[in-house]
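# Inside the fold
Chain residues, written in single-letter form:
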Amino acid sequence: VFPNPSRGQITVQLNQKPGIDYKLRLSNIIGQEIRTVALRPELTPAGLPLDLSDLRTGMYFYSLLVDGKVVSTKRLVLQN
């Protein structure tokens, strides 16, 4: 996910095998799920643009889910 920190426009780039169910889950600082996006790496080799400008400034966590299981969690900072 880049850029990080971001002003609301991010790109999710995933270099993985096609045919597997990938999702990106965005949560707030207290763990409430804000948004979940299905990822199709075979359709977007340059990355999937996401607009998060409707969210408040602050820190969020994003998790990569593979077949419904969390395999990685990192943080994302949104700025005004």
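Anyway, here's the lowdown on the structure attached to this text.

Here is what the cut-offs are and how they apply
- Residues numbered from 1 in each chain as written.
- Predicted model: local features only at pLDDT ≥ 70, side-chain atom pairs only at ≥ 80, totals over all residues.
- Heavy atoms only, no water.
- Helix = DSSP H or I, 4+ residues; strand = E, 2+ residues; numbered from the N terminus.
- Rg over C-alpha atoms; globule rule 2.2 N^0.38 Å.
- Buried < 20%, exposed > 50% of the residue type's maximum accessible area, 1.4 Å probe, protein only.
- Contact = heavy atoms within 4.5 Å.
- Patch = residues over 30% accessible without salt bridge, like charges linked within 9 Å, V, L, I, M, F, W, Y side chains within 5 Å.
- Areas by Shrake-Rupley, 256 points an atom, 1.4 Å probe, with all protein chains shown as cover.
- Salt bridge = Lys/Arg side-chain N within 4 Å of Asp/Glu carboxyl O.
- Pairing = 2+ DSSP bridges.
- Axes fitted to C-alpha atoms, helices over the stretch in contact; angles between N-to-C directions.
- Core = buried A, V, L, I, M, F, W, Y, C linked by side-chain atoms within 4.5 Å.

Across its full length, the protein chain holds zero helices and six strands. In terms of C-alpha radius of gyration, the protein chain reaches 12 Å, essentially the compact-globule figure of 12 Å for 80 residues. With the C-alpha coordinates of the protein chain rotated into their principal frame, the extents come out at 35 × 25 × 15 Å. The proportion of buried residues among the 80 residues of the protein chain is 31%. At a minimum sequence separation of 6, the contacts of the protein chain that also span at least 24 residues come to 52%.

This part covers a nonpolar patch on the surface. A cluster of nonpolar side chains, Ile-29, Ile-30 and Met-59, forms an exposed patch at the surface whose accessible area comes to about 300 Å². By the element assignment, Ile-29 lies in the loop between β2 (22–27) and β3 (33–39).

Moving on, we come to the pattern of salt bridges. Per the counting criterion, the structure on display carries two salt bridges. A salt bridge links Lys-23 to Asp-21, with the nearest nitrogen and oxygen atoms 3.9 Å apart. The partner of Asp-54 in a salt bridge is Arg-35, and the shortest N-O contact between them spans 2.7 Å. One end of the pair, Asp-54, is in the loop between β4 (48–51) and β5 (58–66); the other, Arg-35, is in strand β3, and 19 residues separate them in sequence.

Spatially, the four strands line up as an open sheet ordered β3-β2-β5-β6, and their pairing is antiparallel. Strands with a single pairing partner mark the edges of an open sheet, and in this sheet they are β3 and β6 (69–78). Neighbour-to-neighbour, the strand axes of this sheet turn through a mean angle of 20°, independent of strand direction.

In this fold, Asn-28 is placed in the loop between β2 and β3. Among all residues touching Asn-28, those that are not within four sequence positions of it are Ile-34, Tyr-60 and Phe-61.

A separate point is the nonpolar core. Counting 16 residues, the largest nonpolar core has Leu-26, Leu-39, Leu-52 and Leu-76 as its most contacted members. Of all the secondary structure elements, the ones that give two or more residues to this core are β1 (9–12), β2, β3, β5 and β6. Look past the residues within four positions of Leu-76 in its chain and what remains in contact with it is Val-1, Pro-3, Asn-4, Ile-10, Leu-26, Leu-52, Gly-58, Met-59, Tyr-60 and Tyr-62.

Any link to function would need more than the numbers given here.
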